[in-house]
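One-letter residues, chain by chain:
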Amino acid sequence: MVPIVDIRNITVSYRENVALRDVSLSVEEGELVAIGGPNGAGKTTLLTAINGLGKLLSGLVRVFGVEVNHRNINQIRKAIGYVPQRLNIDPRMPISVREVVMIGRYGRIGLLRKANGKDRKVADDLIDSVGIAHLADRPIGHLSGGELQKVQIARALAQEPKILLLDEPTSNLDISAQRSIVELIEKIHRQRWLTTFVVMHELTHLPKSCGKMVLMKNAKIIFQGETLKALSENILSEIYDCPVELLKTDDGVVIRALTNVRNTTV
Amino acid sequence: MLEILQYKFMQHAILASIFGGVSCSLIGVFVVTMEIPFLGVTMAHAAFAGGIFGLLWGINPLIPAFIFCFLSSLLIGPIADKADFNPDTAIGIIFSIMMGVAFLGLAMIPGPKTEALSLIWGSILTISRADIILMAAISFVTILLLVLFFKEIQAVIFHREIAASVGIPERSIYYGLLFLSGAIVTTNLNTVGGLLIFSLLINPAAAAYQLTYNLKKMFILSGSFGVLSCFLGLFFSYIFNVPSGAIIIITSSVIFALALLLSPKRKVKQVGQVTEGD
Ligand SMILES: Nc1ncnc2c1ncn2[C@@H]1O[C@H](COP(=O)(O)OP(=O)(O)OP(=O)(O)O)[C@@H](O)[C@H]1O
Ligand SMILES: [Mg+2]
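Bear in mind the structure is a predicted one, so any value in this text is a computation, not a measurement.

Visitor: Quick rundown of the interface of chain A and chain B? Include the residues and the values.
Guide: Chain A puts 36 residues into the contact, and the matching count from chain B is 32 residues. For the pairing of chain A and chain B, the buried interface totals around 3,000 Å² over both sides, and the portion due to carbon and sulfur atoms is 64%. The largest contributions to the chain A side of the interface with chain B come from Arg92, Pro94 and Tyr106 of chain A, which together make up 21% of the buried area. In this assembly, chain A and chain B are joined by 8 residue pairs in polar contact (both at pLDDT 80 or more). Broken down by secondary-structure element, the contributors of at least two residues to the side of chain A that touches chain B are α2 (73-77), β6 (80-83), α3 (97-109) and α5 (145-158) of chain A. With 7 residues, the top contributor of residues to the side of chain A that touches chain B is α3 of chain A. Taken together, the residues of the side of chain A that touches chain B break down into 18 nonpolar, 9 polar and 9 charged.

Visitor: Which residues make up the pattern of salt bridges, and what values go with them?
Guide: Residues and elements named next belong to chain A. Under the definition given, this model contains 17 salt bridges over all chains. Residues Asp6 and Arg8 are paired through a salt bridge, measuring 3.0 Å at the closest nitrogen-oxygen approach. With a relative accessible area of 10%, Asp6 lands in the buried category. Accessibility expressed as a relative area gives 38% for Arg8, which makes it partly exposed. Notably, a salt bridge pairs Arg98 with Asp137, separated by 2.7 Å at the nearest N-O pair.

Visitor: Explain the coordination of the magnesium ion (ligand 2) to me, using residue names and the numbers behind them.
Guide: Residue and element names in this part refer to chain A. Within the first shell, the magnesium ion (ligand 2) binds the protein through Thr44 (OG1) and Gln85 (OE1), at distances of 1.9 to 2.3 Å. Here Gln85 lies in the loop between β6 and α3 and Thr44 lies in helix α1 (residues 43-50), a separation of 41 residues in the sequence. Taking relative accessible area as the criterion, Gln85 reaches 25% and is therefore assigned partly exposed.

What counts and what doesn't
- Residues numbered from 1 in each chain as written.
- Chains lettered and ligands numbered in written order.
- Predicted model: local features only at pLDDT ≥ 70, side-chain atom pairs only at ≥ 80, totals over all residues.
- Heavy atoms only, no water.
- Contact = heavy atoms within 4.5 Å.
- Buried area = accessible area lost by both parts, 1.4 Å probe.
- Polar contact = N/O pair within 3.5 Å; in protein donor to acceptor, adjacent residues only side chain to side chain.
- Helix = DSSP H or I, 4+ residues; strand = E, 2+ residues; numbered from the N terminus.
- Nonpolar A, V, L, I, M, F, W, Y, C, P; charged D, E, K, R; others polar.
- Salt bridge = Lys/Arg side-chain N within 4 Å of Asp/Glu carboxyl O.
- Buried < 20%, exposed > 50% of the residue type's maximum accessible area, 1.4 Å probe, protein only.
- Donors = N, O, S within 2.8 Å, 3.2 Å for Na, K, Ca; no water.

Function cannot be inferred from these measures alone, as they are strictly geometric.
Now the structure itself:
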C-alpha cells in the first residue's frame, strides 16, 4: 500500500538553526501518530513539512502518493487540516468565531464560489461538537486561549480533511476540555479513518487508539514505532536527558521527570 | 450656493471625491487590518518617483507611476516573506529607495518644479475627464475584486498562515491586494495628492475599525466615511475658500475622533448584555 504521508530524508532550517536533519517518516492511511520530544526538537517543523508551510532544504515529501511542490500544494492543503501551536489574534479583529470556522471550508469551496447551506451546516455542527456554540457570534479576538484552541480544531475539521495535523491541541485546555478534545480526536479518527498527527507533551492524554509514536530530539527522529514500545523508561530518559518514571494507570500512563537535569541552571 | 454645481470643474471635483474616497478607504481596510499603515505613503512615493521620471522623459507621468507602484508592490511582499521581516520593515526599505529615486529625479528636472510638486499636493479642482474615468474604473475594479474574493480576503486578514493552510492561494491574494493598493494610490495621486492619500487610506478605515467587529460592515462603513470626508471637505473648502486637501484630511480625522469616542470596543459591556457580531 502507498503510504499517505511519505517523508524522505528532509532537512529544514530556519537560517542558522537546523530544525530537521535528514528525517524520514512514513505513515499509512488511518494511522494515529503521536509526536513527542523536548522543546525545540523539531516537532512543529515536522508538521509544517507535511502541509508545505515549512520549506525543505533537501529531501522530499509525498502526500497522497504525490510529491508536494508549489503547483499542487494548494490542492493538497485542502485535504489537510492544521491546528497550529499558538495563534496571536488582535483583540479588535473584525471576524467572528463562526466566520473563522467557515474559513476551514473556503479552500474546498474554491475561488469565485459562495458558501452554501451544507458548508454552514458542517461549520455549525462542528461548533456544537467542540462545545463552543455559545461563543459562535463572538469576535475571534475575545476568546481565552483554550476557547481559541477549540475554534481552531473546529476550523481544521471543517475542511473535512483526510489528514489532520494537531500541534499540542490540548496545551491550553482545562482538564475536562482536554479529555473531551482527546475523545473528539479519537472519535473522528475512528469514524472517518482520518490519518492524524498529534504533537503532545502530556502523554497521559495520548488517545488510546494511538498506535504509532514518533519521538524527536535535536532535529532528528530518535524513535518511531509502536506506542507501547515507546513508553519505556529507557527511551524516554534518553529523549528528555533525565531519569523518567512511568506510572501506568487504568486510563493511560503518567510520565514524570525525576531530577530535572536540564533545568538545573535556571 | 447650488449654482456652483453647474461648473464643470466642480462636478469633476465631486465625482473625483466620490471615487477617490471610495477606492482609498476600501483598500484602507486591508491596510489597517494588516497593520501596514506606511504602505500608503510608500506607494505614494513610488508613484511620485515614477511621475517625476515621466515628466523628465516627457511621457504621461501616470505610466511610469504605475510601473513604479507595480514594482514596489511586487517587491514588498516577497522581501517581507523571504527575509522573515515584519512587512512594515520591507515597506520602509522600499519607501527609502523610492524617496531617494524621487529626489534624484527632482534634481534632474531643470527650472521650476511646479508640475512635479503638484504630484505631492494634488489638485482636486483641476481634474480632467480622463482622470475621472480612470478613478471610476479603479473604484469599480476594487469593489468587484472585494466582492468576488471576499472570503479569501477575509481569511488572509484573519491570519495568512491559516489562510495558506486551508488551501487558499494566500500569496496571490496578499500580493494582489498590495498591488491594488499601489494602483489606487497611482490613479488618485495627481488629483488628491500624495499627502491626502495617506489620510484617506488610514482615517476612514481606522474609524470603521473602532465601530464594528464585522468585516463586511467595516468595508461599508469605511467606504462611506471616505466619501463623506471628501464630500464635506470639498463643501467646506468652497465655503471657507481654503485648500480642499487640507480640509479633507481634517474632516476624515474628525470622523475618526468621533468613531473613537463612540467606539463599542472601548465600552465596558454591562453584565448580561451579550456581545453580538456588530
Ligand atoms: N521562526 C524560526 N526562526 C528561527 N528558528 C526557529 C524558528 N522556528 C523554530 N526555530 C528553531 O527550530 C528548532 C525546532 O523548532 P520547532 O518549533 O520545530 O520545535 P518544537 O519541537 O515544536 O518545540 P516546542 O515543543 O517548543 O513547540 C528549534 O531549535 C527552534 O529554535
Ligand atoms: Mg512546537
